[in-house]
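Summary of structural features
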Amino acid sequence: MACMRLGSKSEAFHRDGNTWLCTTGLPSDVAIEVGDMSFHLHKFPLLSRSGLLEKLIEEFNNGREEAGSASCVLELHDLPGGAKAFELIAKFCYGVKTELSASNVVSLRCAAEYLQMTEDFGEGNLISQTESLLNEVFSNWGDSIKALETCEEVQTTAEDLHIVSRLIDSLAMKACADPSLFNWPTTDQNDVKISPKNAALWNGICSDTKPLPLGDDWWFDDVSFLSFPLYKRLILAVEARGMKPETIASSVIYYAKKYLPLMNTQTSLNDFNYVNNSGTNISESEQRTLLEEIVGILPYKKGVTSSKCLLRLLRVAMILHVSPSCRENLEKRVGTQLDQALLVDLLIPNMGYSVETLYDIECVQRILDHFMTVSVESSSPCIVEEGQVVTTENNNDTLAPMTMVANLVDGYLAEVAVDVNMKLPKFQALASVIPDYVRPLDDGIYNAIDVYLKAHPWLTDSEREQLCRLMNCQKLSLEASTHAAQNERLPLRVIVQVLFFEQLRLRTSISGWFFVSDNLENSQNLPVSTGNLGLIPRTDGCRQMEPTKDQRLASVDDHDMRVRVLEIEKECSNMKKELQKLTKTKKSWSLLPKSFGFRKKPQSCSQTESKRSNIRLVVPTESS
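Residues numbered from 1 in each chain as written. Predicted model: local features only at pLDDT ≥ 70, side-chain atom pairs only at ≥ 80, totals over all residues. Heavy atoms only, no water.

**Examining the overall build of the protein chain**
Note the following rule: Helix and strand labels come from DSSP, where a helix needs a run of H or I of at least four residues and a strand needs a run of E of at least two; each type is numbered from the N terminus. Each residue is assigned to one of three classes by its accessible area relative to the maximum for its type, calculated with a 1.4 Å probe on protein chains only: buried under 20%, partly exposed between the two thresholds, exposed over 50%. The contact criterion used is simple: two residues touch if any of their non-hydrogen atoms lie within 4.5 Å. Surface accessibility in these figures is a Shrake-Rupley result with a 1.4 Å probe; residues are shielded only by whichever protein chains are displayed.
Looking only at helices and strands, one finds 26 helices and 13 strands in the protein chain. Residues counted as buried form 42% of the 624 residues belonging to the protein chain. Of the contacts formed within the protein chain by residues at least 6 apart in sequence, a portion of 70% connects residues at least 24 apart. When the accessible surface of the protein chain is summed, it comes to about 34,000 Å², and 52% of that surface belongs to carbon and sulfur atoms.

**Remarks on helix α22 (residues 461–468)**
Threshold: By arc we mean the arc of the directions from the helix axis to the C-beta atoms, nothing more.
Turning to α22, its buried residues are Arg464, Leu467 and Cys468. Viewed end-on, α22 has its buried residues packed into an arc of 95°, placing them on one side of the element.

**Focus: the environment of Tyr446**
On the secondary structure map, Tyr446 appears in helix α21 (residues 443–455). Taking the relative accessible area as the measure of exposure, Tyr446 reaches 5% and is therefore buried. For the pair Tyr446 and Ala484, spaced 38 residues apart in sequence, the C-alpha separation works out to 8.6 Å. When residues no more than four places from it in sequence are discounted, the contact partners of Tyr446 are Met471, Leu476, Ala480, His483, Ala484, Asn487 and Leu490.

**Regarding helix α6 (residues 141–150)**
Counted residue by residue, α6 has eight buried out of 10 residues, so it is predominantly covered. Residues of α6 that are buried: Trp141, Gly142, Asp143, Ser144, Ile145, Ala147, Leu148 and Thr150. Those residues of α6 hidden inside the fold are in contact with α4 (105–114), α5 (126–138), α8 (163–176), α10 (220–223) and α11 (228–240).

**Details of the packing of α11 against helix α12 (residues 245–259)**
Quick reminder of the rule: Axis geometry follows a simple rule: fit a line to the C-alpha atoms, using only the stretch in contact for helices, then measure angles between N-to-C directions, giving values from 0 to 180 degrees. Our angle categories are set so that under 35 degrees counts as roughly parallel, over 145 as roughly antiparallel, 65 to 115 as roughly perpendicular, and the remainder as oblique. Note that Gly is not counted as nonpolar here; it falls among the polar residues with everything else outside the nonpolar set of Ala, Val, Leu, Ile, Met, Phe, Trp, Tyr, Cys and Pro and the charged set of Asp, Glu, Lys and Arg.
Between α11 and α12, whose axes approach to 11 Å, the crossing angle comes to 170°. Judged by the inter-axis angle, α11 sits roughly antiparallel to α12. Residue-level contacts link Phe228, Tyr231, Ile235, Val238 and Glu239 of α11 to Ile248, Ser251, Val252 and Tyr255 of α12. Split by residue class, the contact of α11 with α12 holds seven nonpolar, one polar and one charged.

**A few points about the confidence of the model for the protein chain**
Fine structural detail should not be taken from predicted coordinates in areas where pLDDT scores are low. How we decide: Each residue carries a pLDDT score, the predictor's confidence in it, ranging from 0 to 100.
On average, the protein chain scores 77 in pLDDT, and the residues at 70 or more come to 67%. Ranking the helices and strands of the protein chain by mean pLDDT puts α11 first, with 96, and strand β12 (residues 535–537) last, with 39.

**Let's talk about the packing of aromatic side chains**
Going by this rule: Pairing of aromatic rings covers Phe, Tyr and the six-membered ring of Trp, with a centre-to-centre limit of 6.5 Å; geometry is then stacked below 30 degrees between planes, edge-to-face above 60, and tilted otherwise. For a ring to carry a charge above it, either NZ of a lysine or CZ of an arginine must fall within 6 Å of the ring centroid while also lying within 35 degrees of the normal to the ring plane.
Following the criterion strictly, the structure yields 10 aromatic pairs and no others. Aromatic side chains Phe228 and Tyr255 sit 5.9 Å apart centroid to centroid with 55° between the ring planes, which places their arrangement in the tilted category. In this pair, Phe228 is assigned in helix α11 and Tyr255 in helix α12, connecting sequence segments 27 residues apart. Its relative accessible area of 4% is what places Tyr255 among the buried residues. One aromatic cluster is present, built from ring pairs that chain together Phe228, Tyr231, Tyr255 and Tyr259. The aromatic ring of Phe44 is capped on one face by Lys43, whose charged end is 5.7 Å from the ring centroid.

In structure tokens form, the structure reads like this:
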């Protein structure tokens, strides 16, 4: 730690309440008032060091001769550093032992400038002494941090003397330097005692401080003690020196977690009371201002700040009711990298004044809209033919984030679907943002629809059909199709569609298997050329055609396929029986919509049952 000791005399002052009295034997002929303190001193030691005091005492003496006043009283209420700084200056003027350190050098430098303590009033005056110590402070990380913290007390004068800018430049240079090369000491040697054999070497000089860790975050905690205006200037300085945006973002998030208590908790609907009862000295309005400032200095580059941290900032912003521009900024940041988010972070509690739903659906809707806008702008053109998308390899890479977001949205819809206050239009609007072509399977959206139907049993048949239009029955897996075929909450029309597409898929698969089987059988009956490697010599010298390894494997595969066909036929038969049971509990329905103007004639129960029995599942047999 940088330190300088001045003077050699013992203590020459005595304090009585708010008054300092000189005990050197010299008569006190001047009283100097600084703030609420009064110093009764002899004027000659002060006149020999300070140009301002010499001028003020001279002006007072000239006025005393005219007015006949008997006592000299000076007021220095504008002195930088106040009474504490003047106490040290008085000791310096009287030659009393004084210690200059990083904790008081800035205020003493500013006070010395105010009192005009230049070399014209004695060699080795206070200005030169403090400047000499400041140069040592600039070379040490820990001392620079302490000195910069004290600049708050004398902000104006320190800015005029460029002390703040010099300290920030010094810290920025050290933060951007490779710690393995410079190993800047940060711990006060008076605070930590280390044995000489463990002492670190810094630039070849033995130091009693621990070496710094080699990570990029070694300076985060030290600078977090700075006030935000100084911290912001330091961040801008390291950014100008080329520090990686990822490191800057990590430092800003570290600072936010220290002064915004809600950043360290899982927010809920009870966090309104937590803001003021968190044990911090920062009020809600101060936290709101701080959050808006923090968002302003976060690097905007995509991916440098994790989606988890951005969503946590967004939650806190909603609790503190920050400005709309700040909230919109965070929503756009999340939207640009929504594919990196997790479902648990996306479940943002509704913090609005009129709480309708448990989670903030509108916020997620805006985030999703921004993601789709950015994704469409960045993707190359695609050709859509009959619901299928023809893409290149680059387009597949572009669709990968959209597919991840589709899965994320499907999971989010399943979570919010249990809310009875979740309106159908909101559910449909959120689900329809994701294009159908980015979902490889519709199992996720089917699960969300099923949860919504279970939580909202009062939906009408038309509303159920509207809801089911969000999924594509052709893109359901075998497991999801089996579940849907037995799901009594689905409309009958949807169940029939599921069974139809499953049967169609089954017929296509079986046809393909038999086509492969026929080709393999035909290939075995083809004449074999003499160059066929599948021929092996007989003992009589003639060649005999033996099945090759591929043909033997194909025969085994053919047997497995036939077994699988029988299994699928059995499953299909079971599905048909379940459908027949289900139709007995469903109301009759017409294939012709009412809008066509046809009037349905009343039918008897036997006629309805006969029509339903006509719905049959055609499965090709092995002979076909």
